[in-house]
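Chain by chain, the residues run as shown.
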Amino acid sequence: MERSKYPLYFSFPAVIVFLLFFIAPTVIGIYYSFTDWNINADAIKFIGLENYKELFNEPRLKQAFINTLIFAAAVTLLQNAVGLALALLLNEKLKLRNLLRMIFFMPYVIAPLVIGYIFRAIYHPEHGIVNQFFGLLGIDFMVQDWLNDPRFALFTVIMTDIWRVAGFSMVVYLAGLQFIPKDLTESASIDGAGYWTRFKHVVFPLLAPAFTVNVLLAMIGSMKVFEIVMVLTEGGPGYTTEVFYTYIRNTFSSGEMGYATAINMLLFVLVTLVGIPVLLAMKKREVEM
Amino acid sequence: MRSRKYSPLLLELLAICLALLILIPFFMIFINSFKDIRESALFGLSLPSNWVFSNYEEVFNQDNLLRGFKNSFMLSALVVVSVNLFASMAAFVIQRRGGKFLQGVYLAFIMGLIVPVSIVPTIRLMDLLHIKGSYLSIIMYYTAVLLPFAVFLLVGFIKSVPRELDEAAILEGCGYFRLYFKIILPLISTVLVTVSIVVIVSVWNDFFGPFYLVTDSTKWTIVLQVFNFVTLYSTNWGVVFAFMIVVITPVLVIYLFLQRYIIDGLTAGSVKG
């Protein structure tokens with residue numbers, strides 16, 4: 001049957017919605033990032049590169065850029081490490097396996113905003129259960145003002161996000177582990193390979209697809225982090241936890257829409273640059289259409 | 001992979017301790033939602049010295065609560081319909097017809113999986129289209145944001161539906177609309193369930209979209225109501241926690257019953273993709 005007989009117009013609703021509500025905002029965003037669009041002014045004036053000039057002189061942008069990258073790198077690394085460890089643990093024949101899988105995945109279905117509020121209480125310097133716990137154990141150097149101390153705030157936000165997303169990676173790794181034939185690891189075991197050797201030479205290579213997907217998803221997702229940071233620290237103290245999306249929100253709230261759009265454009269460029277390898281990886285996985 | 005060094009019991013114990021790390025925060029807000037204003041501000045894990053149920057009364061007296069649920073429910077439902085319909089129609093011809101244009105479309109959708117939305121210009125766009133702040137604007141926003149994932153997943157799946165089925169149907173004199181509705185859609189229904197789960201979880205839990213796009217508080221979703229409520233009541237944590245419990249309980253109950261489908265659905269893109 002001829003391919004060209006399939007009606008092209010079937011794709012139109014999706015194409016139109018995507019073009020109008022995803023691509024068009026990005027394109028007009030390029031224009032608005034060159035304007036002084038402000039909530040307090042009626043007219044929008046073209047000001048050329050002014051926004052960008054101002055942005056690049058702003059130490060806050062550098063902070064947001066660095067923090068976003070630190071956050072993304074740390075979350076990607078730890079989410080995978082914790083997720084993989086949990087998957088290996090649950091892959092042992094545990095009695096409560098299904099229940100545990102459900103519990104570890106649970107935070108992923110709750111709104112990040114709500115999780116942020118829960119943890120704001122948990123990190124409370126005096127009464128929060130984190131400090132209560134360490135105080136009880138007598139580990140005094142772990143009793144800290146986790147969210148308001150510039151030394152720890154970013155770390156705390158990262159840990160909270162790991163708590164939220166590790167279960168997701170775990171499930172993906174668990175699914176990967178299911179595909180590894182039992183006899184393979186058993187025969188390696190008979191040959192005298194220890195746990196670590198078996199993991200390194202048999203299990204991990206076979207987990208490669210799950211690993212790729214997990215890393216890519218974590219990277220892209222974590223660069224777009226917003227709610228958790230907004231609720232926990234609002235980018236503070238100072239700008240020590242400022243990320244792109246909190247920076248955009250704060251500029252947006254003060255009405256500087258053109259400026260906020262320029263920041264959004266920089267995020268767009270950053271994510272696209274990191275995302276190109278992702279795109280290539282996905283193309284590779286794709287069988288011919 | 002059995003390890004000889006550790007007994008299964010020890011591993012089980014370790015896993016349970018880690019699970020407690022997940023459960024304790026939820027327990028903390030649950031137990032504190034029954035405490036009075038003074039005690040709930042201590043965020044402790046102990047039982048309330050006297051059980052206060054009026055926190056919940058106060059929460060249920062909020063008009064915003066029901067309205068928030070209604071808005072979240074309605075938006076999720078409508079976005080489920082639009083994403084499933086538009087994405088499956090597009091995926092069908094992208095996979096079957098191919099060609100330069102549709103290849104380009106597919107590539108654009110894949111790009112859409114990666115790049116962030118330009119949210120501030122989106123507000124401007126909605127203004128220019130005269131739909132700023134309306135339900136329609138937020139539905140279109142979500143549809144556009146969720147289409148890439150749905151198209152990506154569906155194109156992959158439609159590959160596994162044999163072309164011979166199409167050919168037989170067309171030879172029998174079936175039109176393309178009927179082919180799509182009567183033959184293709186039923187065959188891909190499991191993936192449509194997956195897409196729906198992803199859409200519902202994304203829309204229900206999202207704060208970002210409505211925060212920027214919806215200014216009228218009567219149209220706020222439940223997550224925005226949480227944000228608003230915390231801002232108003234942050235002096236009484238007992239009530240705030242009660243509000244959060246009311247908001248997350250339906251999600252957790254549904255999760256409890258449909259956990260297998262939900263977990264599989266949310267990870268489908270990464271496991272099969």
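Basis of the calculations
Residues numbered from 1 in each chain as written. Chains lettered and ligands numbered in written order. Predicted model: local features only at pLDDT ≥ 70, side-chain atom pairs only at ≥ 80, totals over all residues. Helix = DSSP H or I, 4+ residues; strand = E, 2+ residues; numbered from the N terminus. Rg over C-alpha atoms; globule rule 2.2 N^0.38 Å. Contact = placed C-beta atoms within 7 Å. Buried ≥ 20, exposed ≤ 12 C-beta atoms within 10 Å, placed from the backbone. UniProt positions renumbered as here; feature names shortened; annotations may be inferred. Expected span 1.5 Å × (residues − 1). Arc of directions from axis to C-beta. pLDDT = per-residue confidence, 0-100. Core = buried A, V, L, I, M, F, W, Y, C linked by C-beta atoms within 7 Å. Axes fitted to C-alpha atoms, helices over the stretch in contact; angles between N-to-C directions. Parallel < 35°, antiparallel > 145°, perpendicular 65-115°, else oblique. Nonpolar A, V, L, I, M, F, W, Y, C, P; charged D, E, K, R; others polar.

**Details of the overall build of chain B**
A count of helices and strands for chain B gives 13 helices and zero strands. Walking chain B from its N terminus toward its C terminus, one meets helices and strands in the order α-α-α-α-α-α-α-α-α-α-α-α-α. Whereas a compact globule of 273 residues would reach a radius of gyration of roughly 19 Å, chain B reaches 23 Å, over 25% beyond that. Seen through its principal axes, chain B has C-alpha atoms that stretch 75 × 65 × 30 Å. Counting only contacts in chain B whose residues sit at least 6 apart along the sequence, the fraction spanning at least 24 positions is 74%.

**Side note on the overall build of chain A**
Summing up its helical and strand segments, chain A has 13 helices and zero strands in all. For chain A, the N- to C-terminal ordering of α and β elements is α-α-α-α-α-α-α-α-α-α-α-α-α. For chain A, the spread of C-alpha atoms along the three principal axes comes to 75 × 75 × 30 Å. Residues classed as buried in chain A amount to 44% of the 289 residues present. Sequence separation of 24 or more characterises 69% of the internal contacts of chain A that already satisfy a separation of 6 or more.

**Looking at the UniProt feature "domain: ABC transmembrane type-1" (unreviewed entry) in chain B**
Mapped onto the present numbering, the UniProt feature "domain: ABC transmembrane type-1" (unreviewed entry) falls at residues 69–258 of chain B. As a span, residues 69–258 of chain B carries 83% helix and 0% strand, and end to end its C-alpha atoms are 20 Å apart.

**Structural notes on helix H9 (residues 176–187) of chain B**
Residue and element names in this part refer to chain B. When the terminal C-alpha atoms of H9 are compared, their 15 Å separation across twelve residues agrees well with the 16 Å that a helix rising 1.5 Å per residue should span. For H9, the set of buried residues is Leu-179, Tyr-180 and Ile-184. Looking straight down H9, one finds its buried side chains confined to an arc of 90°; they lie on one side. Along H9, the residues that are exposed and aim more than 90 degrees away from the buried face are Phe-177, Phe-181, Lys-182 and Pro-186. On the buried face of H9, the contacting elements are helix H4 (63–97) and helix H8 (163–171).

**Section: the confidence of the model for chain B**
The predicted model of chain B averages 90 in pLDDT, with 96% of residues at 70 or higher. Under the prediction, the complex receives an ipTM of 0.91, its pTM being 0.91.

**With respect to the nonpolar core**
Ranked by size, the top nonpolar core spans 175 residues in total, and within it Val114(A), Ala87(B), Ala90(B), Leu147(B), Val151(B), Leu154(B) and Val226(B) carry the most contacts. The dominant element in this core, judged by the number of residues it contributes, is helix H7 (residues 135–158) of chain B, at 18 residues. Apart from the residues within four sequence positions on either side, Val151(B) is in contact with Ala14(A), Ala87(B), Ala90(B), Ala91(B) and Phe109(B).

**Overview of the packing of helix H5 (residues 112–122) of chain A against helix H12 (residues 222–233) of chain B**
Between H5(A) and H12(B), the least distance of the axes is 9 Å, while the angle of their chain directions is 30°. Regarding the angle of H5(A) to H12(B), the classification is roughly parallel. Counting all contacts with H5(A), which are made through Leu113(A), Val114(A) and Tyr117(A), the residues of H12(B) involved are Val223(B), Val226(B), Phe227(B) and Val230(B).

**Quick notes on the interface of chain A and chain B**
The interface is formed by 83 residues belonging to chain A together with 78 residues belonging to chain B. Split by residue class, the side of chain A that touches chain B holds 62 nonpolar, 14 polar and seven charged.

**Topic: the UniProt feature "transmembrane region" (unreviewed entry) in chain B**
Residue and element names in this part refer to chain B. Those places that UniProt annotates as "transmembrane region" (unreviewed entry) correspond, in this numbering, to residues 9–31, 73–94, 106–126, 138–158, 179–204 and 237–258. Between the C-alpha atoms that bound residues 179–204 the distance is 33 Å, and the span itself is 96% helix and 0% strand. Helix and strand shares over residues 237–258 are 100% and 0% respectively, and the end C-alpha atoms of the span are 31 Å apart.

**Regarding the packing of helix H1 (residues 12–32) of chain A against H4(B)**
Helix packing geometry: the angle between the two helix axes and the distance between the axes. Axis separation between H1(A) and H4(B) bottoms out at 7 Å; the angle between their running directions is 115°. Mapping the contact onto sequence places Pro13(A), Ala14(A), Val15(A) and Val17(A) in H1(A) and Phe86(B), Ala87(B), Met89(B) and Ala90(B) in H4(B).

**Some details on the environment of Val109(A)**
Here Val109(A) lies in the loop between helix H4 (97–105) and H5. Expressed as a C-alpha distance, the spacing of Val109(A) and Val165(A), which sit 56 residues apart in the sequence, is 9.7 Å. Ignoring any residue separated from it by four or fewer positions in sequence, one finds Val109(A) in contact with Val201(B), Val251(B), Tyr255(B) and Ile262(B).

**Some details on unusual backbone geometry**
For residues besides glycine, phi is generally negative; the peptide bonds are generally trans as well. Residue and element names in this part refer to chain A. The step from Gly-236 to Pro-237 runs through a cis peptide bond, and the omega angle for that step is -5°. One can find Pro-237 in the loop between helix H11 (227–232) and helix H12 (244–253). Unusually for a residue other than glycine, Glu-234 sits at a positive phi of about 55°. Looking at the element boundaries, Glu-234 is found in the loop between H11 and H12.

**Concerning the environment of Phe92(B)**
With respect to the helices, strands and loops of the structure, Phe92(B) is situated in helix H4. Among the residues examined, Phe92(B) registers 25 C-beta atoms within 10 Å and is labelled buried. The sequence separation of Phe92(B) and Val155(B) amounts to 63 residues, and the corresponding C-alpha distance is 6.9 Å. Apart from the residues lying within four places of it in its own chain, the contact partners of Phe92(B) are Phe10(A), Ile158(B), Tyr180(B) and Ile184(B).

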